[in-house]
Amino acid sequence: MSDLAVKEWIKQVIKNDEIDKYLIDGEDFINEQEIENHLNNNRKSDKQQIRDIIQKSLRIERLEPAETAALLQVEDPELWEEMYAAGLEVKRKVYDNRIVFFAPLYCSNLCVNNCAYCGFRYDNKDERRRILTMDEVRQETEVVISEGHKRMIVVYGEHPRSDADYIARTIETIYGVKKKARHGFGEIRRVNINAAPMSIADLKKLWNVGIGTYQVFQETYHKPTYAKLHPANTIKGNYRWRLYALHRAMDAGIDDLAIGALFGLYDWRFEVMGLLYHAIDLERQFGIGPHTISFPRMTPASGSFISTHSKYLVSDEDFKKLVTVLRLSVPYTGLIITARERADLRRDVIRVGCTQTDASTKIGIGGYTEALKKLSQLELANQEIDKQQFILGDTRRLDDVVRELVEMGMITSFCTAGYRCGRTGDKIMELLKSCKEGKFCKLNAVLTFREYLDDYASPETKAIGEKLIERELTEIRQNPFFRKGTLLQSFEKMYQRTVDGERDVYI
Ligand code: SAM
Ligand code: SF4
């Protein structure tokens, strides 16, 4: 593709009328002064005020900005301990002891933007550019399926060669892959994507091929910082085009949305407030908040000075605090912690309320297939450094992380049922808020964990996993919620069919 063609493509991406329609009297839902005021006015809450706010979260009610600002500025270590415990309790109420797994798949590192923190940025001449063909997407998917995954998040740089039509083809390709397992075939049952903001017409193309969740991170909600890190002459330089990306997705019919901020670009307390305002505006305009929130911490990226020298880099301690406040502020929203983080920290924040994570992760383009080619360790290291966006903190395989979670008393869920029987958007929000979704998910978690243990688990994981399944089955059989009507009976039949080798059985 010629440089001129790329320039022409860039000019037609942003549609101003698809920004203006979401403004409130010409203004954004992010008002920096208002956020600063909340942070300034809620510095010194007393213990009782903080405990009242915690109680509100425990009732699974979303917090207001002033309440979140108060939690963010707690200094008393004793109160933080209470907040950590409440985070876990909220998670238990809404999501039970379940963790959902996914695998990222990086399809392309071609990018027309110049984000100062990202290894894929246009100006990074050390980056070897590559975009997967559909055959390569198929090969990568096969490797991911062989690990036992059922969900993917597919990631793309912003470029005319990875436009909505390319993204749609990759989604269709991934759904089409079947790979032999110990019993029958494995497959990806849900394809989520992380891609640049698009027009409503382009988003409809993704909706038509069965996109799962559409994820866009605002990076930073702080406009002056955003302007510094994203050159104005790039598509990404338009803050508002990005801020309303998920509003457009709603209008395109995609009601399963994921927001996030890249922590380390600006003050973490401000970003938590930005995420909350984003969730509130989606609820206000469409009646549905985001399904998940992500809070990646910036990690060192090749040739990026800011990725290692930003004065806002977030410490482990503050990271745990910000995850806890998010858990308490939007109690019914999923929280995603990724393999960017080290294993020990990941364990810590799962304890305060995260609901989704990844494992066996490769973020190089073609990384899964290359790892399989049994390259020597040195060759592999060299290959990965120049084609991946940043450095991972936890490279363990899915089997190892699943086993660790079992040891922590948590069950891995590969469930994708909710989406396929219409439990999405406002329906799932209602179920989550009333703590019913966790109950359905418990049953589906057991069914999909059974599949995993029989099809993919190592002997050690299987042995310890069996004990957990037994405990879960006992709990389900004794719980009055499941004993009402025929739910328990249906589940018992489904469990037996799964044990007998039938796959993709769900409630
Ligand atoms: N190009 C699309 C976009 O910018 O929305 C999607 C792909 S981009 C690779 C996905 C996300 O990676 C970005 O939204 C950003 O938050 C994250 N990212 C970029 N550089 C990073 C770094 N150094 N450390 C951690 N995450 C980073
Ligand atoms: Fe491109 Fe996204 Fe990286 Fe920015 S964050 S350089 S848009 S891939």
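Note that the coordinates shown come from a computational prediction; the quantities given were computed from them, not determined experimentally.

A.B. asks: Whenever I open this one, the overall build of the chain confuses me. Can you help?
C.D. replies: For the chain, the helix and strand inventory stands at 25 helices and 11 strands. Its C-alpha atoms give the chain a radius of gyration of 22 Å, near enough to 23 Å, the size a compact globule of 507 residues would have. Dimensions along the principal axes, computed over C-alpha positions, put the chain at roughly 60 × 60 × 40 Å. When each of the 507 residues of the chain is scored for burial, the buried share is 61%. In the chain, the proportion of contacts linking residues at least 24 apart, taken out of those at least 6 apart, comes to 77%. Roughly 19,900 Å² of accessible area belongs to the chain as shown, and the carbon and sulfur atoms make up 50% of that amount. Of the charged side chains in the chain, 75 are positive and 76 negative, and the gap between their average positions amounts to 3 Å.

A.B. asks: When you look at the pairing of strand 9 (residues 334-337) in this model, what are you seeing that I'm missing?
C.D. replies: Across the two faces of strand 9 the burial is the same, with Gly334 and Ile336 and Leu335 and Ile337 all buried. Taken together, the 2 bridges between strand 9 and strand 10 (residues 356-358) define a ladder with parallel strand orientation. Counterpart to Ile336 in the pairing with strand 10 is Gln356.

A.B. asks: Explanation requested: the pattern of salt bridges in the structure shown.
C.D. replies: Any two side chains of opposite charge can pair if their charged atoms end up close together. All chains considered together, the criterion is met by 46 salt bridges. The salt bridge involving Arg51 is made with Glu82; its shortest N-O contact spans 2.7 Å. Pair noted here: Arg51 is in helix 4 (residues 47-58) and Glu82 is in helix 6 (residues 77-95), with a separation of 31 residues, a long-range link. On the accessibility criterion, Arg51 (26% relative accessible area) is partly exposed. Where salt bridges share partners, they join Lys47, Arg51, Asp76, Glu78 and Glu82 into one cluster.

A.B. asks: I would appreciate a short explanation of the environment of Thr170 in the present structure.
C.D. replies: Relative to the helices and strands, Thr170 is located in helix 8 (residues 164-175). Taking the C-alpha atoms as reference, Thr170 lies 18 Å from Val216; in sequence the two are 46 residues apart. Residue contacts for Thr170: discarding those within four places in its chain leaves Cys107, Met134, Val137 and Tyr156. Of the polar contacts made by the side chain of Thr170, one reaches the backbone oxygen of Ile167; its length is 2.6 Å.

A.B. asks: Whenever I open this one, the side chain of Asn97 confuses me. Can you help?
C.D. replies: For Asn97, the position within the fold is in the loop between helix 6 and strand 1 (98-108). On the basis of relative accessible area, Asn97 is assigned to the buried category, the value being 8%. Polar contacts involving the side chain of Asn97 include one to the main-chain carbonyl oxygen of Gly409, which spans 3.2 Å. With sequence-adjacent residues up to four places away left out, Asn97 is seen in contact with Lys91, Arg92, Gly409, Met410, Ile411, Lys442 and Glu472.

A.B. asks: Help me out: how do you make sense of the pairing of strand 2 (residues 151-156) in this one?
C.D. replies: It is a general feature of regular strands that their side chains alternate between the two faces of the sheet. In terms of burial, strand 2 is largely enclosed, as 6 of its 6 residues are buried. Going residue by residue along strand 2, you find Arg151, Ile153 and Val155 tucked away on one face and Met152, Val154 and Tyr156 tucked away on the opposite face as well. What joins strand 1 to strand 2 is helix 7 (residues 134-147), and the crossover it makes is right-handed. For strand 2 and strand 5 (residues 190-194), the ladder comprises 5 bridges, and the chain directions are parallel. Bridge pairing in strand 5 places Arg151 opposite Arg190.

A.B. asks: How do you make sense of unusual backbone geometry when you look at a structure like this?
C.D. replies: Negative phi values dominate among residues other than glycine, just as trans dominates among peptide bonds. Here Glu219, not a glycine, exhibits a phi torsion of approximately 70°, which is positive. Within the secondary structure layout, Glu219 lies in strand 6 (residues 214-219). Even without being a glycine, Ser360 presents a positive backbone phi close to 55°. Its relative accessible area of 7% is what places Ser360 among the buried residues.

A.B. asks: For this particular structure, what's the right way to read the packing of aromatic side chains?
C.D. replies: Applying the stated rule across the entire model yields 15 aromatic pairs. Plain terms: the ring middles of Phe481 and Phe482 are 5.4 Å apart, the flat faces sit at 85° to each other, and that makes the pair edge-to-face. Phe481 sits in the partly exposed class, given a relative accessible area of 22%. Residue Phe482 is classed as buried on the basis of its relative accessible area of 1%. These aromatic residues form a ring-pair network of at least three members: Tyr22, Phe29, Tyr244 and Phe286. Stacked on the ring of Tyr122, the Lys or Arg Lys125 has its end atom at 4.4 Å from the ring centre. In this structure, Lys180 packs its charged tip against the face of Phe185, placed 5.6 Å from the ring centre.

A.B. asks: Got a minute to help me understand the domain arrangement of the chain in this structure?
C.D. replies: Taken as a whole, the chain is organised into domain 1 (3-29 + 86-432) and domain 2 (435-499). The C-alpha centroid of domain 2 is placed 29 Å from the C-alpha centroid of domain 1. Each partner contributes residues to the interface: domain 1 has 34 residues there, and domain 2 has 27 residues. Around 2,700 Å² of area is buried between domain 1 and domain 2 when both sides are counted, 57% of it from carbon and sulfur atoms. Between Arg189 and Glu451 there is a salt bridge, with the nearest N and O atoms lying 3.2 Å from each other.

Rules of the game
Residue positions within a chain follow its written sequence, with the count starting from 1. Chain letters and ligand numbers both follow the written order, the letters beginning at A and the numbers at 1. Local features in this predicted model are restricted to residues of pLDDT 70 or higher, and side-chain atom pairs are both shown and tallied only at a pLDDT of 80 or more, whereas totals for entire chains, interfaces and linings draw on every residue. Side-chain figures throughout are based on the complete set of non-hydrogen atoms in the structure, without hydrogens or water. For helices the rule is a DSSP run of H or I covering at least 4 residues; for strands it is a run of E covering at least 2, with both sets numbered from the N terminus onward. The atom set for the radius of gyration is the C-alpha atoms, and the globule formula is 2.2 Å times the number of residues raised to the power 0.38. Throughout, exposure labels follow a simple rule: accessible area from a 1.4 Å probe, protein chains only, divided by the maximum for the residue type, with under 20% read as buried, over 50% as exposed, and the rest as partly exposed. The contact rule is simple, with two residues in contact once any of their heavy atoms fall within 4.5 Å. Throughout, the Shrake-Rupley method with a 1.4 Å probe supplies accessible areas, and for residues the shown protein chains are the sole cover considered. By the counting rule applied here, Lys and Arg register as positive and Asp and Glu as negative, while His and the ends of each chain are not counted. Taken as the charge centre is NZ of Lys, CZ of Arg, CG of Asp or CD of Glu, depending on the residue. Only strands joined by at least two bridges in the DSSP assignment are considered to pair. The term salt bridge refers to a pairing of a side-chain nitrogen on Lys or Arg with a carboxyl oxygen on Asp or Glu at a separation within 4 Å. What qualifies as a polar contact is a pair of N or O atoms within 3.5 Å, subject to a donor-acceptor requirement within protein and to the restriction that residues adjacent in sequence count only when both atoms come from side chains. Orient the strands so they point away from the viewer, and a crossover whose first-strand-to-second-strand path over the helix runs clockwise is right-handed. Centres within 6.5 Å are what make two rings of Phe, Tyr or Trp a pair, Trp counting through its six-membered ring; a difference in plane orientation under 30 degrees is then read as stacked, over 60 as edge-to-face, and the rest as tilted. Charge over a ring is defined by NZ of Lys or CZ of Arg lying within 6 Å of the ring centre and within 35 degrees of the ring normal. Residue ranges assigned to the domains are those given by an automatic or database domain assignment. The term buried area denotes the loss of accessible surface (1.4 Å probe radius) that occurs when two parts are joined, taken as the sum for both partners.

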